Number of protein chains: 2
Amino acid sequence: MADDTLRIDRSAKTLRTLALERMREAIMDFHFQPGERLVERPLCNQLGVSRSVVREVLRQLETEGLVQMIPGHGPAVAKPDLGRTDEIYELRALLEGIAAKACAASATDDQIALLDATLAKLLEAWASGVPAEVMRATTKFYEALFESADKRVAWEIVSGLNVRINQLRSMTIASANRREPAIAEMHEIMDAIRSRKPEAAEAAARRHVESAWNIARTALLVSGEGKADLLGRDEAHSGQSSL
Amino acid sequence: MADDTLRIDRSAKTLRTLALERMREAIMDFHFQPGERLVERPLCNQLGVSRSVVREVLRQLETEGLVQMIPGHGPAVAKPDLGRTDEIYELRALLEGIAAKACAASATDDQIALLDATLAKLLEAWASGVPAEVMRATTKFYEALFESADKRVAWEIVSGLNVRINQLRSMTIASANRREPAIAEMHEIMDAIRSRKPEAAEAAARRHVESAWNIARTALLVSGEGKADLLGRDEAHSGQSSL
DNA sequence: TGTCATCTTATGGTATACCATGATATGGAG
DNA sequence: CTCCATATCATGGTATACCATAAGATGACA
């Protein structure tokens, strides 16, 4: 009976889902600049879908925090939450801390092996030097960490926080001399988990977030003094930004 | 036919916003049962708005976690996250703890006065004995607490968690003998904040969540053994559920 | 020439109509 | 009574049409 060979792909993604993923990715990869207007009708053309679909997608991205509705002007790519970065990093430290702790306390050997594998991929990504790859691999690693810790809700929250500081994260990853310390910090976390030391794992995870936080802070200072960019420019925006 | 009980008057904000708020409230107040199907076109009639509006509202409620899309069946009121309640209460304890701590450490006298006022309202609500009132007043109190602690993001997260255990919360509030302990716990939190003892405030806040958690756990056990309700029944659902 | 009123246009918001598909219910044939 | 064909319904997806408003362009008058 169980012959799946000709079973139809039941998970047929709806057009809206595809459009949603595409848009989310486009925003997170900065194909749209923060602050850039997202005019509905042009978006229909760019995505090749109808306005209804675009509008529903925009509503979802809005509640996800990736898109802001400017009253009287419609949707725009959300600008980063500069006033809340401290709190966001604090929460990340807290949550990633408890995940690492729980993981060290209760992960199975299989789960630890999986974590090792994703960590290896993360190292490869660092070696490649492509920031977007590093970010993706980092996300994968943490996803596995939270999964092993059985903290799915916490993972959803952390993911939500990360979209709000997406720019900061990519800046910290691209920052000079971040590579060696980051790798060392990740190894500390894994070592503590492997040797089943919950407290040490929690501390290591918090340290990792805190060091990223420090980088982000100095990055903010620099861009704050210098060109005062980051807040999204109002000048000529990239317009059609082909998807 | 025309069930005008939740028809909205289009005057101030956008129609979609009004419909969203109305629906959110209706779900949280159990005018729709968990698991109940939310068929689009009937909803249009009940709300008195077009399908576009309903669909966009449903998308938003979906990403907020109040509505689940059942593949091939469309939207339904989300059932509570019974498998995740432990994690949710754990996170609430963590977050309300840090808010209370920060509040005790840095709240101004004005803010403390405001907290006292909301606490007084909460006591009134308990005196009234109306669970929905108690819930509302509790929410107000915590909102003020997080605001005074300058933890807006954390508050958003806690609010999000609360919608996922909305039923549990109303059960714990309605539970017998909850009133006196709850009031005592809240006073402990406020006393610690007033006397500027961050650690004590954090501990008190955590204790409060944990005792609610215990009530919720026993409530779950009872309903689990007993009628096995709570998960939302598939039998005759209330249909038009006059709002 | 400068200011103000008006017109136009772009945009968002809302309402419907339509189609294809998949799920469910119904009712008749065997 | 069972099983299958059909009808019905709900949904996802699309396309339009209409209206209100805000921004920008135009033009008249002081």
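Let me begin by describing the structure that accompanies this report.

## Some thoughts on the overall build of chain A
Inference 1: A tally of helices and strands in chain A yields 10 helices and two strands.
Inference 2: Counting from the amino terminus, helix and strand elements in chain A follow one another as α-α-α-β-β-α-α-α-α-α-α-α.
Inference 3: Buried positions account for 44% of the 243 residues belonging to chain A.
Inference 4: Once local pairs closer than 6 in sequence are excluded, the contacts in chain A between residues at least 24 apart make up 73%.
Inference 5: As displayed, chain A offers around 12600 Å² of accessible surface, 54% of which is attributable to carbon and sulfur atoms.

## Considerations on the relation of the copies chain A and chain B
Inference 1: Here chain A sits on chain B after a turn of 180 degrees about the axis and a move of 0.1 Å along it, with an RMSD of 0.1 Å. In short, the pair behaves as if placed about a two-fold rotation axis.
Inference 2: When you check the interface residues of chain A against chain B, 100% turn up at the interface there too, and the contact is symmetric in its surfaces.

## Re helix α4 (residues 85–106) of chain A
Helical geometry: 3.6 residues make up each α-helical turn, so side chains three or four residues apart lie on a common side.
Inference 1: The terminal C-alpha atoms of α4(A) lie 31 Å apart, and with 22 residues this matches the ideal 32 Å at 1.5 Å per residue to within 8%.
Inference 2: Of all the 22 residues making up α4(A), 17 are buried; the element is thus mostly covered by neighbouring parts of the structure.

## Digging into the environment of A:Asp109
All names here are of chain A.
Inference 1: You can see aspartate 109 is positioned in helix α5 (residues 109–128).
Inference 2: Between the alpha carbons of aspartate 109 and arginine 194 there is a distance of 8.7 Å; along the sequence they are 85 residues apart.
Inference 3: In this structure the side chain of aspartate 109 is engaged in a polar contact, spanning 3.3 Å, whose partner is the side chain of arginine 196.

## Some thoughts on unusual backbone geometry
Inference 1: Even without glycine at this site, A:Arg196 takes up a positive phi of about 60 degrees.
Inference 2: Within the secondary structure layout, A:Arg196 lies in the loop between α9 (179–194) and α10 (198–225).

## Regarding the packing of helix α7 (residues 152–164) of chain A against helix α7 (residues 152–164) of chain B
Inference 1: Running from amino to carboxyl end, α7(A) crosses α7(B) at an angle of 140 degrees, the nearest separation of the two axes being 12 Å. The pairing of α7(A) with α7(B) is recorded here as oblique in orientation. In terms of crossing hand, the pair formed by α7(A) and α7(B) is right-handed. Contacts from A:Val153, A:Glu156, A:Ile157, A:Leu161 and A:Arg164 of α7(A) reach α7(B) at B:Val153, B:Glu156, B:Ile157, B:Leu161 and B:Arg164.

The rules we used
- Residues numbered from 1 in each chain as written.
- Chains lettered and ligands numbered in written order.
- Predicted model: local features only at pLDDT ≥ 70, side-chain atom pairs only at ≥ 80, totals over all residues.
- Heavy atoms only, no water.
- Helix = DSSP H or I, 4+ residues; strand = E, 2+ residues; numbered from the N terminus.
- Buried < 20%, exposed > 50% of the residue type's maximum accessible area, 1.4 Å probe, protein only.
- Contact = heavy atoms within 4.5 Å.
- Areas by Shrake-Rupley, 256 points an atom, 1.4 Å probe, with all protein chains shown as cover.
- Least-squares fit on C-alpha atoms with pLDDT ≥ 70 in both.
- Expected span 1.5 Å × (residues − 1).
- Polar contact = N/O pair within 3.5 Å; in protein donor to acceptor, adjacent residues only side chain to side chain.
- Axes fitted to C-alpha atoms, helices over the stretch in contact; angles between N-to-C directions.
- Parallel < 35°, antiparallel > 145°, perpendicular 65-115°, else oblique.
- Left-handed = near helix turned anticlockwise from the far one by under 90°.

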